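Structural overview for review
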Amino acid sequence: MSAFRKAGRGIVDSAKAINFTFDGKTYQGFEGDTVASALLASGNHLMGRSFKYHRPRGVLGAGSEEPNALIAIDRGTGRVTPNVRATTQEIYEGLNAESQNRSPNLKFDMGAFNNAFSIFFPAGFYNKTFLWPKSFWDKVYEPFIRNMAGLGPAPTADDPDVYASSYGHCETLIIGGGPAGLAAALAAAKSGEPVILVDENPQLGGSLLTTPTIEINGKPARDWIAKSLKILSKAENVTLMTRTTATGYYHDNFVALVERITHHVPNAKIGKVREELHRIRAKRVILAQGAIERPLVFNGNDRPGVMLASAAQAYLGQYGVAVGNEAVVFTSHDTAYQAAFDLADANIRIAAIIDVRDEVQNDLTEGATQRGIKIIRSAVISKTFGTLRIKACEIYEPETGIKTKIRCDALLMSGGWTPSLHLWSHSKGGIKWDADIAAYLPDVANENAVCVGACNGDFGIAAALSAGHKAGQKTGGGRKVYKTNEADFGTGVVNNGLPNYIDTAKQKAFVDFQNDVTEKDIKLAVLEGFKSIEHVKRYTTNGMATDQGKTSNLNALEIASKAVGKPIEKVGLTTFRPPYTPTTFGALTGYRDAELFDPTRKTSIDPWAEANGAVFEPVAHWRRAWYFPKAGEDMHAAVSRECKATRDSLGIFDASTLGKIEVVGPDAAKFMNLMYTNPWSALPVGGCRYGLMCREDGYIYDDGVVGRMAEDRFHVTTTTGGAPRVYRHMEDYLQTEFPHLDVWLTSTTEQWATIAINGPNARKLIEPFVEGIDLSPEAFPHMKLREGKICGVPTRLFRVSFTGELGFEINVPSHYGRALWETLMEAGKQYEICPYGTETMHVLRAEKGFIIVGQDTDGTVTAHDAGMSWAVSKKKKDFVGKRSLARTDLTANGRKHLVGLLTEDPNIVLEEGAQIVTDPNQPIPMDMLGHVTSSYWSEPLGRSIAMAMVRDGFNRMDETLHVPMPNMAHKVKVVKPVFYDPKGEKLNVV
Amino acid sequence: MFEIHCPYCNEKRAEIEFSYAGEAHIVRPNAKQQPVMSDEDWSRYMFIRDNIRGEHAERWWHNAGCNMFFNAIRNTVTDKFVMTYKMGSPRRTAKQIDVARETNTADKAKT
Ligand SMILES: [Zn+2]
């Protein structure tokens, strides 16, 4: 038996010893212990170092509210979980836990020098630290802050464990398995409808587990729990979920539950599910989350050994662990007396109860007298002593000025109780200030939800049981009275700052233990002008740590309201947000890991590209072949070769990712007229046209070739990335602005595989395979489309070119794509056919000055700016964007225009995004005329080329401008953005 | 995650099937109106939105469902849908919204 384990106390199984390590040292605990309870049983209080000042810290609480005792659980590479609360981590054989935020070890931490220099870390230190000079930002301040502000270590390898996710539904979801939650479940179970009861702890029972002397209706609480669980486990409509945290409460009773499946299991195998995220839609939700005790804010309240009174009570009641040999109790609330009595009854010396109040109820003073405990009223603790563990404290009686130092190895504090409104707050339930209990309580519900028990201010076990029973019943039903032997829950007082003779500036009175925020910091924030509690929170970071201010928010609010000089209910509470407790990325990701994280769309030709050494690039959700390097080639060499081969003879390109929308119906042409800037009525069947689409603001939105299949049918192509938004844009207008048009839209992107054949030998290549289409230039000119067959498969064959060469785009049903590709590759050998990727496609089109929407345009470019006024119909009375194009701003002089740039030195390839100026020697900031949008090495031209948006560019032809780049500014000449075959003769190769 | 009643499917479906589509009942000026509108009036149509704190008429798209755009009244404070209705039907009056809200409350009370 460990030194601090009390025989006959607690519900841990002393027959089952478990060994684990903490910072390399082996400890023994019992089944049912947490890391915290087992360490405390060995007399070890020091469990962590604080975030900012690296102060030694022990446990503050005994549950999920714990701010101090954060540990890392190390299960091998990729399986290190940082920031686990020692108070909730169950021990298991072989558990390997490490303390955090210390170097080299917990007892001697170099980082603790921050504590001595704490004057440098006042409220807002993040903001205040980033001072000039700029060179200090990333070299000095950031590394310093990052080093210092470490929580646990970030994992260095992929997590190999499996995380599951599922959806569920129920009639009643009960969150919290204490007395209120259990009573609610028992009542709800009778309805026969599905009930789910969840609790974050391994065992149901809540506060009943920590107060074993309680009797319900004359029987020990443990028996009542056992009986209740028997009934609930037998009921087929009830699901009991332990080790499950309700992390977030979302709209319409949608609640996220994270179940920890193997966190307590030794040697949990890789491949087994570690956590499961349950997304539950409940008809109604009963919140029985209980209440969390508030610390008192006083000088030295963070030494190891200083903890919540209820925590000491829980360590004794649930784990049979004494938190010390002689404890001092410091309180402003009656409940701390019961904790003191519990400890005294287990032969732990209570050196004194220090009560800030001048009056204490008779039954409490009697209870103290019986146990020989001294009560000191109207007194506070002004100081604590001890470095790695509290040794003594100083009691100060402000009325007399008397100071008394007394020895203690534990200090139990209670500042009253804070009902847990976290999930209620997620659900946007209203809250109201209750002056009697000095806390916020639930007000009007926003969802079909109700709070019961301590989180609703129904303090005490009998009250919680009754409230739970009432809420659990489906329809009205009678009240149920529970008789218990508990003492009256009692009352407390609000602490508007505890008196101390020591100057505030010299005190270390912590409010937020995890983020190291002191009373002084909050006062300073108010002094510096932060009056709103939301601002105070962000400036001081109070309540912003991983514990979400469970123990600090109310204290911070009280201090701030006093400093601002407004009543607390006027200051308001900061908003709680999900998750309730830290949640792993694994749980949120679930099965959507690795390749399932984000879908990758692949064309039917993609496997061929992969087998033939393509380098891929992502384009929207697609992966596209970027270039096809041969042995020893880098990207530049491969692209140069692909460009040249295509221009000289024959290139083949997978264009299947182009968006395709079939626009069909009697009013199809009218609809096209409204959606595109170009005119469509006169386009004959079998004709193609480059279509330009604007948003209503007049700026270019998308483009693509459109073919007219029939009077009432258009084959529309869009950019690869633009397809979904173009489809939505069309549907939106069709359904809401032009519903009178009889038109149907179908996304056909995935239906067609599209192979682009470009180069002088394009026609010769496909001719032998095409049936039913006369390919002669006279019968099938440029910008026409024909339907027929290729290799016996139906095709929509477009004669179009995005390269300036003779070109065809062959559309076949998707599943024929690869077979057709391979046939053409084989037949193309005689022409040295060259497969090319998106990079070569980009270069070839730039040589012709064809724009890429989103690269050469940026959402502020009109058709005119891009040199495409010809694509905008002057005759149409309406199209989307027409009125905006007439806006003064869009017709004004001095807009940026799309032009070509040729560098004076043909070997210089400009950087895309580089700025353009008239005089590179002008003072900074320079007058920037525009920027380079596209820039490439052109192998066929043997020089670099670039496209750019330049202010008043159309009027600057042949002008010399300058492009500053990292080493020097380069001279460029403004030209028309058509570099290759400006007359378009190559299109007409016979 | 909301449960949204699609007036075309006549079913409550999970929010994941829908996309938000901006304020409702903003009518696009027709081909005759556009040329005579001042730039200022046009910009009001284009950009100026009510940004209501409270019951807001807005559009949703059931894109992973029936593919239809529809209108909704949703309270931007409580994030509660008061009602949804088909595209093209007139803006709901304050009275109609009151009735819908009361019906919802009554339905809720029944459960
Ligand atoms: Zn629908």
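Each value, and the rule that gives it
Residues numbered from 1 in each chain as written. Chains lettered and ligands numbered in written order. Predicted model: local features only at pLDDT ≥ 70, side-chain atom pairs only at ≥ 80, totals over all residues. Heavy atoms only, no water. Helix = DSSP H or I, 4+ residues; strand = E, 2+ residues; numbered from the N terminus. Buried < 20%, exposed > 50% of the residue type's maximum accessible area, 1.4 Å probe, protein only. Areas by Shrake-Rupley, 256 points an atom, 1.4 Å probe, with all protein chains shown as cover. Lys, Arg positive; Asp, Glu negative; His and termini not counted. Charge placed at Lys NZ, Arg CZ, Asp CG, Glu CD. Salt bridge = Lys/Arg side-chain N within 4 Å of Asp/Glu carboxyl O. Donors = N, O, S within 2.8 Å, 3.2 Å for Na, K, Ca; no water. Patch = residues over 30% accessible without salt bridge, like charges linked within 9 Å, V, L, I, M, F, W, Y side chains within 5 Å. Pairing = 2+ DSSP bridges. Phe/Tyr/Trp six-rings, centres within 6.5 Å; stacked < 30°, edge-to-face > 60°. Lys NZ or Arg CZ within 6 Å of the ring centre and 35° of its normal. Contact = heavy atoms within 4.5 Å. Buried area = accessible area lost by both parts, 1.4 Å probe. Polar contact = N/O pair within 3.5 Å; in protein donor to acceptor, adjacent residues only side chain to side chain. Axes fitted to C-alpha atoms, helices over the stretch in contact; angles between N-to-C directions. Parallel < 35°, antiparallel > 145°, perpendicular 65-115°, else oblique. Left-handed = near helix turned anticlockwise from the far one by under 90°. Nonpolar A, V, L, I, M, F, W, Y, C, P; charged D, E, K, R; others polar. pLDDT = per-residue confidence, 0-100. Expected span 1.5 Å × (residues − 1). Core = buried A, V, L, I, M, F, W, Y, C linked by side-chain atoms within 4.5 Å.

**Focus on the overall build of chain B**
The helix and strand tally for chain B stands at 2 helices and 6 strands. Counting helices and strands in the order they occur from the N terminus, chain B gives β-β-β-α-β-β-β-α. Across its three principal axes, chain B shows a C-alpha extent of roughly 55 × 30 × 20 Å. Taking all 111 residues of chain B together, the buried fraction comes to 41%. Counting every atom, chain B has about 6,400 Å² of accessible surface; 53% of that belongs to carbon and sulfur. Within chain B, the 15 negative side-chain charges are centred at a point lying 4 Å from the centre of the 17 positive side-chain charges.

**Topic: the pattern of salt bridges**
Residues and elements named next belong to chain A. Considering all chains together, one arrives at 55 salt bridges over all chains under this definition. Where arginine 357 meets aspartate 355, a salt bridge forms, and the shortest distance between an N and an O atom there is 3.0 Å. Glutamate 519 serves as the salt-bridge partner of lysine 523, at 3.5 Å between the closest nitrogen and oxygen. Here lysine 523 and its partner glutamate 519 are both found in helix H12 (residues 519–527), 4 residues apart, which amounts to about one turn of the helix. Counted as one network, the salt bridges with shared partners bring together Arg55, Arg57, Asp302 and Asp516.

**With respect to the coordination of the zinc ion**
Looking at the zinc ion, one finds its protein donor set to be Cys6(B) (SG), Cys9(B) (SG), His62(B) (ND1) and Cys66(B) (SG), positioned 2.1 to 2.3 Å from the metal centre. Expressed as a motif, the donor residue spacing for the zinc ion is C-x2-C-x52-H-x3-C.

**Thoughts on a negative patch on the surface**
Residues and elements named next belong to chain A. Taken together, the side chains of Asp158, Asp159, Asp593 and Glu595 define an acidic patch exposed on the protein surface. Following the sequence through the fold, aspartate 159 ends up in the loop between helix H4 (135–148) and strand E8 (162–175). Here aspartate 159 falls in the partly exposed class, since its relative accessible area comes to 34%.

**Quick notes on the pairing of strand E23 (residues 402–407) of chain A**
Walk down a regular strand and you will see the side chains alternate between the two sheet faces. Residues and elements named next belong to chain A. Of the pairings in the sheet, the one linking strand E22 (residues 392–397) to E23 comprises 6 bridges and is antiparallel in character. Residue pairing for E23: cysteine 393 is matched across the bridge by isoleucine 406. As consecutive antiparallel partners, E22 and E23 are separated by 4 residues, and within that stretch glycine 401 has a phi angle of approximately 80°, a positive value.

**Considerations on the packing of aromatic side chains**
We describe a pair of aromatic rings using the distance from one ring centre to the other and the angle between the two ring planes. Residue and element names in this part refer to chain A. Tallying each qualifying case throughout the model produces 28 aromatic pairs over all chains. Consider the rings of phenylalanine 459 and phenylalanine 489, whose centres lie 4.5 Å apart with planes at 5°: the pair is stacked. Of the two residues, phenylalanine 459 is situated in the loop between strand E28 (449–451) and helix H11 (461–472) and phenylalanine 489 in the loop between H11 and strand E29 (510–512); the sequence distance between them amounts to 30 residues. In this structure phenylalanine 459 comes out as buried when scored by relative accessible area, which is 15%. Positioned above the aromatic ring of phenylalanine 385, the side-chain terminus of lysine 405 is 3.9 Å from the ring centre.

**A word on the interface of chain A and chain B**
On the side of chain B, 30 residues touch chain A, which itself brings 29 residues to the contact. Both sides of the chain A and chain B interface together cover about 2,800 Å² of buried area, and 45% of this is carbon and sulfur. Taken as a group, Arg728(A), Gln735(A) and Arg883(A) account for 25% of the area that chain A buries against chain B, more than any other trio of residues on that side. The tally of links from chain A across to chain B stands at 8 salt bridges. With a closest N to O distance of 2.8 Å, Arg883(A) and Asp39(B) form a salt bridge. Viewed at the interface, chain B and chain A are joined by 25 residue pairs in polar contact (both at pLDDT 80 or more). Among the elements of the structure, strand E15 (273–287), helix H20 (723–737) and helix H24 (882–885) of chain A are those that each provide at least two residues to the side of chain A that touches chain B.

**Quick look at the sheet that holds E22(A)**
Residue and element names in this part refer to chain A. Spatially, 3 strands are ordered E21-E22-E23 in an open sheet, and the strand pairing comes out antiparallel. Each edge of the sheet is formed by a strand with only one pairing partner; in this case those strands are strand E21 (380–385) and E23. Geometrically, the sheet is characterised by an average inter-axis angle of 25° between neighbouring strands, direction not taken into account. Sheet topology places E21 next to E22; 5 bridges connect them, and they run antiparallel. Bridge pairing links lysine 383 to glutamate 394 in E22.

**Quick look at a positive patch on the surface**
Taken together, the side chains of Lys190(A), Lys219(A), Lys227(A) and Lys480(A) define a basic patch exposed on the protein surface. With respect to the element layout, Lys480(A) can be found in the loop between H11 and E29.

**Let's talk about the packing of H12(A) against helix H14 (residues 553–564) of chain A**
Residue and element names in this part refer to chain A. Direction vectors running N to C along H12 and H14 enclose 40°, while the axes themselves pass 9 Å from each other. Regarding the angle of H12 to H14, the classification is oblique. You can see that H12 and H14 cross each other, and the crossing is right-handed. Facing H12, whose interface residues are Glu519, Ile522, Lys523 and Val526, H14 presents Ala556, Ile559, Ala560, Ala563 and Val564. When its residues are assigned to classes, the contact of H12 with H14 shows 7 nonpolar, no polar and 2 charged.

**With respect to the confidence of the model for chain B**
Predicted confidence across chain B gives a mean pLDDT of 94, with 98% of residues reaching 70 or more. Here the predicted complex scores 0.90 on pTM and 0.97 on ipTM.

**What about the sheet that holds strand E37 (residues 713–718) of chain A?**
Residue and element names in this part refer to chain A. Ordered in space as E35-E36-E37-E34-E38, the 5 strands form an open sheet in which the pairing is antiparallel. In this open sheet, the two edge strands, each paired with only one partner strand, are strand E35 (688–694) and strand E38 (744–747). With direction set aside, neighbouring strand axes in the sheet form an average angle of 25°. Across 4 bridges, strand E34 (residues 659–664) lies against E38 in antiparallel orientation. Paired with glutamate 662 across the bridge in E38 is threonine 746. Against the sheet, H20 engages E34, E35, strand E36 (700–710), E37 and E38, with an angle of about 20° to E34.

**Thoughts on the pairing of strand E2 (residues 25–31) of chain A**
All names here are of chain A. Bridging between strand E1 (residues 13–22) and E2 involves 7 bridges; their strand directions are antiparallel. Across the sheet, alanine 17 pairs through a bridge with phenylalanine 30, a residue of E2. Connecting E1 to the next strand, E2, in antiparallel fashion are 2 residues, including aspartate 23 with a positive phi near 50°.

**So, the side chain of Asp199(A)**
Locating Asp199(A) in the fold gives a position in the loop between strand E9 (195–198) and strand E10 (215–216). Looking at Asp199(A), its side chain comes within polar contact range of the main-chain nitrogen of Gly177(A), at 2.7 Å.

**Points about unusual backbone geometry**
All names here are of chain A. The residue after proline 578, namely proline 579, is reached through a cis peptide bond having omega 0°. Geometrically, the link from isoleucine 924 to proline 925 is a cis peptide bond, its omega value of 0° lying close to zero. One non-glycine residue with positive phi stands out, namely asparagine 217, at about 50°. Mapped onto the elements, asparagine 217 comes out in the loop between E10 and strand E11 (219–220). Phi is positive for glutamine 548, close to 55°, though the residue is something other than glycine. Take glutamine 548: it is sitting in the loop between helix H13 (533–540) and H14.

**Quick notes on H14(A)**
Residue and element names in this part refer to chain A. Under the 1.5 Å per step criterion, the end-to-end length of H14 is 16 Å for 12 residues, consistent within 8% with the ideal 16 Å. The element H14 is largely enclosed, with a buried count of 9 among its 12 residues. Among the residues of H14, those classed as buried are Asn553, Leu554, Asn555, Ala556, Leu557, Glu558, Ile559, Ala560 and Ser561. Two residues or fewer past H14, glycine 565 is found with a positive phi of approximately 80°.

**Looking at the nonpolar core**
Grouped together as the largest cluster of nonpolar side chains are 84 residues, with contacts concentrated most on Tyr315(A), Phe330(A) and Leu412(A). In terms of nonpolar packing, the next biggest core, distinct from the first, is built from 43 residues, Ile196(A), Tyr440(A), Val511(A) and Ala560(A) among them.

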